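Report on the structure
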Amino acid sequence: MSTVVTPNTEQKMAEIADKVRRGERLTLEDGVYLYESDDILTIGQLANEVNLRKNGKKVYFIENMSLYFTNVCESHCAFCSFRKDQGEEGAYTLSGEEMVAFVEQHITPGVREFHIVGGHNNHVPFQYYVDSLKALKERFPDVTLKAYTAAEIEFFTRLSGLSTKEVLVELQKAGLQSLTGGGAEILSDQYREKMKVEKANVQQYLDVHRTAHELGMKTPTTMLYGSIESYEDRIRHMIQIRELQDETGGFSVFIPLSMQPRNKNASIMRRNSAYEDLKTIAISRLMLDNIQHIKAYFINIGVQLTQVALTFGASDVHGTILKEQISHAAGAQTPEGLTLKELIWLVKGAGRIPVERDTFYNEIKVYE
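Residues numbered from 1 in each chain as written. Predicted model: local features only at pLDDT ≥ 70, side-chain atom pairs only at ≥ 80, totals over all residues. Heavy atoms only, no water.

An unreviewed UniProt entry lists the protein chain under the name Aminodeoxyfutalosine synthase, with Paenibacillus macerans as the source organism. The record in UniProt for the protein chain states the following under Pathway (unreviewed entry): "Quinol/quinone metabolism; menaquinone biosynthesis." (UniProt positions renumbered as here; feature names shortened; annotations may be inferred.)

Shown next as structure tokens:
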């Protein structure tokens, strides 16, 4: 077993390192300690060891497209710059046919997944959301539909009067194969009240994913960090995800999302530091021992930092995306997407093995 990169005489860090190497589960106190520690190299190396045990040097990505049927939303979450009110300048709601036409203009031959999210538009019926998926599935039957956040599903239950299970079954009939991971933000009702998260509460978010898992779906899940939450809030968030994973085994990947400022020209003091981003990815890998993959999301943290994150516990770099809108509306300064060649370059540049995957982490091609 390799030794820790940075000599560390603190007993607590030594105890945590021993736990990690013995495969023991870290506690709330352990996680908070790691966040409070400035020994990022030890934290990173421990996360790297865990990831190498789980995934070797393979790093996964998918050729996908991000699609947004509507930006009209009944919610007014404090951190969101994507949403619009009905009738507001820039507001839109696309029909299934309009989205199909957009995809036909922009799709590349290797695309395997449509990643679909949008506003909670209560000016259209639930059937609109069902028909949106149907239109895509009929035109592109071989592309996986990964659609809607748990918060959107909860919104659909209110819009339709159906139960969570009934909503998901109707969407599955239309072609839904996985949910997206968004809408989690920080799983704390106090946080959600302060940040005016006007959508699914903590229990509703978890219940939607639980139901999706019971229906046979594998789903991603997220954490939006870097605003008012405490380190303890972040660790409690991870523990709630870990506990649901113990119950269902349905989460395929955990995605820490770095909060973006509302202004693209905001100073670096309004953004999470690279130090904080790397530490969060590493701690996620150490806390979430029962989830196979941790994603480094280049849209939020940048391409070069994503490469570094691959030695801090990350084993996934998302996908080609094509014109991401939500983080960029909030001030992201990164590319709106990457090509297949650029993703391969990114992974190989970190000394790892790029693996093209499908939505469910089945390997399509290994680029040795």
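A word on the side chain of N272
Considering the arrangement of structural elements, one finds N272 in the loop between strand 7 (251-258) and helix 11 (274-287). Within the structure, the side chain of N272 is placed 3.2 Å from the backbone oxygen of Y225, a separation counted as a polar contact. A polar contact is formed between the side chain of N272 and the side chain of S258, at a distance of 2.8 Å. In this structure, N272 is in contact with Y225, G226, S258, M259 and D277, ignoring residues within four places of it in sequence. (Helix = DSSP H or I, 4+ residues; strand = E, 2+ residues; numbered from the N terminus. Polar contact = N/O pair within 3.5 Å; in protein donor to acceptor, adjacent residues only side chain to side chain. Contact = heavy atoms within 4.5 Å.)

Remarks on the sheet that holds strand 10 (residues 353-357)
Ordered in space as 9-1-10-11, the four strands form an open sheet in which the pairing is mixed. The open sheet has two edge strands, strand 9 (316-319) and strand 11 (363-366), and neither has a second partner. Across this sheet, the average inter-strand angle for adjacent strands is 25 degrees, counted without regard to direction. With four bridges connecting them, strand 1 (residues 58-62) and strand 10 associate as parallel partners. Counted as the bridge partner of V59 is P354 from strand 10. (Pairing = 2+ DSSP bridges. Axes fitted to C-alpha atoms, helices over the stretch in contact; angles between N-to-C directions.)

Here we look at the UniProt feature "binding site: [4Fe-4S] cluster" (unreviewed entry) in the protein chain
Residues given the UniProt feature "binding site: [4Fe-4S] cluster" (unreviewed entry) here are C73, C77 and C80. By secondary structure assignment, the location of C77 is in the loop between strand 2 (64-67) and helix 4 (96-106). A residue is classified by how much of its surface remains accessible, and C77, at 9% relative accessible area, is buried. When near neighbours in sequence (up to four residues on either side) are disregarded, C77 contacts M195, K196, V197, E198 and K199. Relative to the helices and strands, C80 resides in the loop between strand 2 and helix 4. Judged by relative accessible area, C80 falls into the partly exposed class, the value being 22%. (Buried < 20%, exposed > 50% of the residue type's maximum accessible area, 1.4 Å probe, protein only.)

What about the packing of aromatic side chains?
Taken as a whole, this structure holds eleven aromatic pairs when the rule is applied. The interplanar angle of 50 degrees and the centroid separation of 5.6 Å between the aromatic rings of F126 and F156 together place this pair among those described as tilted. Here the residue F126 occupies a position in helix 5 (residues 126-139), and F156 occupies one in helix 6 (residues 150-160), the gap between them amounting to 30 residues. Take F126 and F156: they sit in the same class, and that class is buried. One aromatic cluster in this structure is built from F126, Y128, Y129, Y148, F155 and F156. (Phe/Tyr/Trp six-rings, centres within 6.5 Å; stacked < 30°, edge-to-face > 60°.)

Comments concerning the pairing of strand 6 (residues 219-225)
Strand 6 sits mainly inside the fold: seven of its seven residues count as buried. The side-chain alternation of strand 6 yields two buried faces, one formed by T219, T221, M223 and Y225 and the other by P220, T222 and L224. The sheet contact formed by strand 6 and strand 7 spans seven bridges and is parallel. Along strand 7, the bridge assignment pairs L224 with L257. For the crossover from strand 6 across helix 10 (residues 231-248) to strand 7, the handedness is right-handed. (Right-handed = clockwise from strand over helix to strand, strands pointing away.)

Comments concerning the confidence of the model for the protein chain
On average, residues of the protein chain carry a pLDDT of 89, and 89% of them reach 70 or more. Every residue in residues 1-8 is under pLDDT 50, and counting partners more than four places away or in other chains gives 17 contacts. Low pLDDT, under 50, characterises residues 323-336; the stretch is placed with 50 contacts to residues that sit more than four places away or in other chains. (pLDDT = per-residue confidence, 0-100.)

So, the nonpolar core
By size, the foremost hydrophobic cluster in this structure holds 106 residues, and its most contacted members are F114, I116, L136 and L171. For this core, the leading source of residues is helix 5, giving seven residues. With sequence-adjacent residues up to four places away left out, L136 is seen in contact with L67, F69, M99, V100, V103, F114, I116 and L145. (Core = buried A, V, L, I, M, F, W, Y, C linked by side-chain atoms within 4.5 Å.)

Observations concerning the pairing of strand 10
Summarising burial for strand 10: four of the five residues are buried, a large majority. In the sheet, strand 10 pairs with strand 11 via three bridges, with the strands oriented antiparallel. Bridging from a neighbouring strand, E356 pairs with K365 of strand 11. Between strand 10 and strand 11, which pair antiparallel in sequence order, lie five residues; one of them, Y361, sits at a positive phi of approximately 70 degrees.

Some remarks on the environment of A135
Inspection of the secondary structure puts A135 in helix 5. The buried category is assigned to A135, whose relative accessible area is 14%. Distance in space between the C-alpha atoms of A135 and E97 is 6.7 Å, their sequence separation being 38 residues. Discounting residues that sit within four places of it in the chain, A135 has contacts with G96 and V100.

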